[in-house]
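Residues per chain, in single letters:
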Amino acid sequence: MIQSKKQKPQSDEEVVKKLCMVNGVSYEKIAHEGINISSLEIFFSGFPRMVGLSFFPRLCHLTIVGQNIKQIEGLECCPLLCELWVVECHLTKISGLENCLQLEKLYLYDNKITEINNLEMQINLQVLWLNNNCITEIQELTMLAHLPNLRELALQDHTSTPNPVCLLCNYATHVLYHMPGLQYLDTYEVSGTKVKEVAEATVMKKMMYYNMRVRTAHRDLAEIKLSLTEKKKILLQIPEESIRTINYTLKNLERDLSNVQVGRKKSTCTKDDGPPHRVEGLTDRDDQTTDLNLDPNMEQKILNKMDALRERLAVWTKRTDEIEALHEKEVAQVENSMDYTVQFLLMGLESVGNIRLEEGCSTDSWFTLCCDLLLSRFSHSDYKAHGITGIKTNRVIRIQNSALRLRFEEKLHALIMGDESGIVAQNYRRRLEYLFYVPDPEKNSEKEEILDVLEGGFKTAKQYEALGREGAIPLSNSLSVIDQPRVEYSLLKAGKGGHRQIIISKVYVGNSMPIQEGEPVDRNRYPTVFSVYPHSGLECSLRQRQWFMFDNELVLPEYVVFFEYIFYKCNTLQILGLKKVYDTSSNDIILDKDVLNMEPVSKPQPRLLNLSDKILLQVAQANVLSQITILNLHGNRLNKLKDISRLMALRHLTISFNDFTRLDDIGHMLNLEFLDASYNRLETLEGLRGLGKLKQLDVRWNMLTKAREDSAVLREHTPVLLKLDSRHNPWKRPDSVRMTILGRLPTLTHLDDVLVTDEETVEADQLAAESQINQACVLAHSRTNSERPRSLSLLSTAQLLCLLTQETWSLILNLDSQRISKVTNLNNLVNLRWASFNDNDISEVEGLDSCQKLEELSFNNNSISTLSGLSKLHCLNKLSLDGNQLSSLDASVLEQLPNLSFLSVENNYISSLHGIQRVRSLLELYIGNNQISTSRDIYYLKGLSNLIILDLYGNPLVERLENYRIYVVFHLSSLKALDGVAVEGNECKDAKDMFEGRLTVDMVAEKLGLSNPTDLPYLNLQSCSIRRVDLTPAELFCNLRSVNLNHNNLTSFSGLIYLPNVKHLCLNYNQIESILPKRKTRAHLTNRQILHNKVRSSGYGQQGQSKGNRDPGPIGSLEPLMGSLEVLHLSHNGISNMANLQLSRLTNLKALFLQGNEITQVEGLEGLHQLRELVLDKNRIKTFAENSFIAQTVLLELHLTENRIRELNHLDPLIELRKLFLGTNKLQVFFNIKYSNHPSTAVLTVGASLNQSQDEP
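Along each chain, the written sequence defines residue order, and numbers are assigned to residues from 1. With the structure being a predicted model, the display of local features is reserved for residues of pLDDT at least 70 and the display and counting of side-chain atom pairs for 80 or more, all residues being used for whole-chain, interface and lining totals. Values shown for side chains rest on all heavy atoms present in the structure; no hydrogens or waters enter the calculation.

Q: Is there a simple way to think about the overall build of the protein chain in this case?
A: The numbering of helices and of strands both runs from the N terminus, where a helix is a DSSP run of H or I of at least 4 residues and a strand a run of E of at least 2. Looking only at helices and strands, the protein chain features 27 helices and 46 strands. Only protein chains enter the accessibility calculation, which uses a 1.4 Å probe; a residue is then buried when its area is under 20% of its type maximum, exposed when over 50%, and partly exposed in between. Of all 1257 residues assigned to the protein chain, the portion counted as buried reaches 47%. Contact between two residues is taken to exist if any of their heavy atoms lie within 4.5 Å; hydrogens are not considered. Contacts in the protein chain between residues far apart in sequence, at least 24 positions, make up 54% of those at least 6 positions apart. Summed over its atoms, the accessible surface of the protein chain is roughly 60,600 Å², and 50% of this surface lies on carbon and sulfur atoms. A 1.4 Å probe and the Shrake-Rupley method give the accessible areas. Residues count as covered only by the protein chains that appear here.

Q: For this particular structure, what's the right way to read the sheet that holds strand E6 (residues 152-154)?
A: Pairing between the strands of a sheet is mediated by backbone hydrogen bonds and can be parallel or antiparallel. One open sheet holds the eight strands; their spatial order is E1-E2-E3-E4-E5-E6-E7-E8, and the pairing between them is mixed. Whereas interior strands pair on both sides, the edge strands pair on one side only; in this sheet they are strand E1 (39-43) and strand E8 (188-189). With three bridges connecting them, strand E3 (residues 83-87) and strand E4 (residues 105-107) associate as parallel partners. Note that in E4 the partner of Glu83 across the bridge is Lys105. Paired strands, as defined in this entry, are two strands with at least two bridges between them according to DSSP.

Q: How should I be thinking about the packing of aromatic side chains in this particular structure?
A: Between rings of Phe, Tyr and Trp, where Trp is taken as its six-membered ring, a pair exists when centres lie within 6.5 Å; planes separated by under 30 degrees are stacked, by over 60 edge-to-face, and by other angles tilted. Evaluated as defined, the whole model comprises 20 aromatic pairs. Residues Tyr248 and Phe657 carry aromatic rings whose centres are separated by 5.0 Å and whose planes lie at 85 degrees to one another, so their mutual orientation is edge-to-face. Residue Tyr248 is located in helix H5 (residues 193-273), and its partner Phe657 is located in the loop between strand E19 (652-654) and strand E20 (674-676); the two are separated by 409 residues in the primary sequence. The class of Tyr248 is partly exposed, set by a relative accessible area of 32%. Assessed through its relative accessible area of 7%, Phe657 is described here as buried. Three or more aromatic residues joined by ring pairs make a cluster, and in this case those are Trp85, Tyr107, Tyr109 and Trp129. Sitting over a ring, as applied to charges here, requires NZ of Lys or CZ of Arg to be within 6 Å of the ring centre and within 35 degrees of the ring normal. Cation over ring: Arg219 sits above Tyr953, and NZ or CZ is 3.9 Å from the ring centre.

Q: Is there a simple way to explain the sheet that holds strand E36 (residues 1018-1020) in this structure?
A: Spatially, the eight strands line up as an open sheet ordered E36-E38-E39-E40-E41-E42-E43-E44, and their pairing is parallel. Edge strands, defined here as strands with exactly one partner in the open sheet, are E36 and strand E44 (1219-1221). Averaged over all adjacent pairs, the angle separating strand axes in this sheet is 0 degrees, with direction ignored. Of the strand pairs in this sheet, strand E42 (residues 1173-1175) and strand E43 (residues 1197-1199) are connected by three bridges, and their pairing is parallel. The residue of E43 that forms the bridge with Val1175 is His1199. Lines fitted to the C-alpha atoms define the axes, with helices restricted to the stretch that makes contact. Angles between their N-to-C directions range from 0 to 180 degrees.

Q: Teacher, can you tell me more about helix H26 (residues 1001-1008) here?
A: Counting along an α-helix, one turn takes 3.6 residues, and residues three or four places apart therefore face a common direction. Among all positions of H26, only Val1001, Asp1002, Met1003, Val1004 and Ala1005 are buried. Where the residues of H26 are buried, they touch helix H24 (964-971), strand E35 (998-1000), E36 and strand E37 (1028-1030). In the segment just after H26, Gly1009 is the residue with positive phi, at about 70 degrees.

Q: Help me understand helix H4 (residues 171-178), please; the structure alone is not making it clear to me.
A: Here H4 lies mainly inside the structure; seven of its eight residues are buried. Buried within H4 are the following residues: Tyr171, Thr173, His174, Val175, Leu176, Tyr177 and His178.

Q: What is the right way to read the side chain of Asn552 from this model?
A: On the secondary structure map, Asn552 appears in the loop between strand E16 (546-549) and strand E17 (555-567). For Asn552, the side chain forms a polar contact with the main-chain oxygen of Phe458, separated by 2.9 Å. With residues up to four places along the chain from it excluded, the contact list for Asn552 reads Arg407, Phe458, Lys459, Thr460 and Ile473. By the criterion applied in these results, polar contacts are pairs of N or O atoms within 3.5 Å in which, for protein atoms, one can donate a hydrogen and the other can accept it, and in which residues neighboring in sequence qualify only through two side-chain atoms.

Q: Would you take a moment to explain the confidence of the model for the protein chain for this structure?
A: Confidence of the predictor at the level of single residues is captured by pLDDT, which takes values from 0 to 100. Across the protein chain, the average pLDDT comes to 83, with 85% of residues at 70 or higher. Of the regions scoring below 50 in pLDDT, residues 1-6 engages in zero contacts with residues more than four places distant in sequence or in other chains. Counted against residues more than four places away or in other chains, residues 806-810, with its pLDDT under 50, gives 19 contacts.

Q: Just to check I follow, could you spell out the environment of Asn636 for this structure?
A: Structurally, Asn636 can be placed in the loop between strand E18 (630-632) and E19. Residue classification places Asn636 among the buried residues on the basis of a relative accessible area of 4%. For Asn636 and Asn658, which are 22 residues apart along the polypeptide, the C-alpha to C-alpha distance reads 5.7 Å.

Q: Would you mind showing me how to read unusual backbone geometry here?
A: Keep in mind that most residues, glycine aside, have a negative phi and that most peptide bonds are trans. The amide bond that connects Glu599 to the next residue, Pro600, takes the cis arrangement and shows omega of -5 degrees. For Pro600, the location among the structural elements is in the loop between helix H15 (573-596) and helix H16 (613-620). The amide bond that connects Thr1032 to the next residue, Pro1033, takes the cis arrangement and shows omega of -5 degrees. Within the secondary structure layout, Pro1033 lies in the loop between E37 and strand E38 (1042-1044). Its identity is not glycine, yet His1047 carries a phi of approximately 60 degrees, on the positive side. Relative to the assigned elements, His1047 resides in the loop between E38 and strand E39 (1064-1066). Take His1047: its relative accessible area is 39%, and that puts it in the partly exposed class.

Here you go:
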């Protein structure tokens, strides 16, 4: 009884009395004294609920410490409250502050708060302490970005347990980015600009990285969709060809039927008048018409055959519909898969890397384990009734959610530490299971539920109960148990199973107990267990058991598996694929032939060579042109209808199966009511004019692409058009074609053989009205925000702000998907900063000259062909023009955009990067899927020192350029990512090893500013650190005569040997060892050297002689090189062995300069029979060998100054020598050199001031 009294809750009156007592306020006088109280405080006990505060309307400070309070309440009458302390209590959420708009300081530490919410109205809040709570998700911190005056935030300190969110990576960065005005974070000062700049830069890099990844995912999707389109084209080949053949035959039969009917009407007249007049070239036509008229049952036969052909046409049309349906389904599946990928990436961005969803592949052990686990939990017998024989795993995603894993581990650790018996610690691993979870099949938010689980974990038992489900998390170790309800639901709704997603979770089932089938799952009924499982009364199989987990913190999602069921019997095209198409098509083709061979069989008719009056009369079976009302010119390969407009009475014209690309000749035909122009090559309807009575138009199976322009032509020139068939054309944006046409042709009753409804007409009219930019349109799609929200979103600023806010006018404009064709009426938007015009029909950038404050502009998926119109937007930093008609980058426009940091022009027709070099501020360039094909374009990017992301994927350059990736990495050293893949450190090293010092055509163009090297006579590239030469193709340098590569790092002539017409070559101050590089055996090559050999570098891979392996045989056996070379400079190269140079291969050489080397022996000149001048000054020559000058019979000058020569011998072969320079040598006496073989027996005496008596050092 005493204990009951102690537990009896206090009344509100008792609580208020306690509050008054501890604050020195008389309870009896509270009504009068309370209004003057501005501060209250209560510590440790006595205040279990926040009551009685209405007596203190002027309360400014309230301090509550150590109470049993579970929620903030009772502050509705305290609007002046500016400081609130509710600490060391039991709060689980933030609430009850809606009326405290003056609140500046809020202390809520040491509670059990899990979420940050209900603070949107606290715009004056400056201090917020939430230390030692239970906030786990980093996304919760973004809620604080709405507090503009927040200066101090505490989520952890050194004296208490931090919030779990503080243990996540990038926690501080995330906070500082979203709250740039913060001065103190967790008691540390963060007001310095460097701290904020680092946080800003880190987040910006992450956003750039994830934006790149998302764009790559979209690009991959586009490629897959393209391959699916190609597959569809293959499947449609036979049906479309059959449809074409049948339609062609039908048109022939329609013409024959018309001829039969006309012929009967004229039969009486022709009996009296004799045989008709025959026109030259139409004899066969006349005979066939006569044959048709002879058979009295011909008309019925024709009608019967036409009916049979229409039945075959229906069969093939159905087949094409099936193929289209299959294609749409496959596209929907890959789009769904891509959407998951994008959502996974966005989740990683928004969590600042704390959620990472990793795509698995067959080489990952965990991928294989998941596949094996799913397969082992599949039982064929459970699915036999549904015709399912197996499963196929398509994707496995590993979930790495730091917050959820931390929560799971902390919960499990708490259970272990809280068990004094130690049983849990000993056995907890046995209670860990990997179980399956699938979303509720009757809900339409399967994807949203999966994403929610991946981001925030499973819902609590109460949340599931609130959704009308069992009050626990349903899990199972059996695929059939957990997924069979979804299979049955899918089969009931859609007739087939389809693709599936299932979550594999690590679960601590703990103490578990069985419950009876149908018994409600309620935690209050089982307070001592962690989970329950249904028991049917029979022996419950451990392999097929369903668990209901009560504690969501003990369920950790670790994998998402995408799989599909394999069906035994399925008549759908999806399962049988191409085999079914071809098998059934072969049978149908046989049936088609049977029908086509039915009587009457039309004979091939001669094509009309011209449309003279006689031919027209004969074809129409008329006497005068004014009588022609029906004309069938089908199947004649006509491309013009000259003077057809003179047939003023013509009402029905058929020109199908011809070669028309335009209809310019069909104009001002005032009585024309029907026109069939199907199966031509029409690219536009421009040219149709003055068809005031046209009611039916057939333009199927043509090449029309622009629905807006063509429907505008019809609106102007066919005012009473009732039926239009525009199917089977390659329309741009086919999804919007119907509404576009209906919006411009209000008279239509049938479009594409489908009745136009009133609802469609109203919708089309509304869309057409909204396609014009006017004041109402601008008001509806604009916003006034002055700053981009601090949000980790990849949307453009215009899209993001229009999504988040509802205020209108002037700073933000989002006109995406409004069917706009022209940008107008924006002259007054002088403060416009962010604008988006994606997915419209705009062909020209115009009307933005007054919007000079624009920072972001997007024109994706329009028809823009030039950058003109952007020159005045000097503040622009982001520009996107994906999916347009651009063919070049206008340098004159780009140089007017000094602040541009982001440019995206993917999916255009750009053939060169010329012009991009003007955008020095560029950080990101997306130019994939264009027509860039030459490596020289990379040089336009070399001046962009800030460029860190480049995407060239889908350009011809990527496939054509050998070693493309490391080539680009070498030339653009600032790159961090290329084509959606991060640049690794080893790639930079490989690129440097392969391309550093490599002289190429592109380098010549860059250094000399030449676009065409064929006119280059002289090449001077001194001191350029050149190591290799690769001037291929050599034909480009056909006029090159002189090359100067002094002061470089060449070790051989490399690719110079292939230059055909070089006469003068200067290679002084290099490191030349040989004409050709020495070749190592493959066994001694490093991986990097093997990589070098793969490069198509001229001269590599050639066979040369090494020092130790010189062939003593005749040098003439080596192939001569550089036949045009006459003068060679090789001074100061450190040459010590002339034989290794292989100079004898330069057979036309006339002057050789080798001064300043380390030569000790003159050798290797055997092949230089034309040599006139040899310079060997400043070497280490002491003497000459017998064969040193054996081939130099025409040598005129020999320079040997500053050597170590002691005696002159073996100079007899120099019979033509005229000049000999021997200064500064070791000669002891003067010599007389006598040329006994010279014809004139002349004697040349060479004297010099020689070092007669110096000893060798």
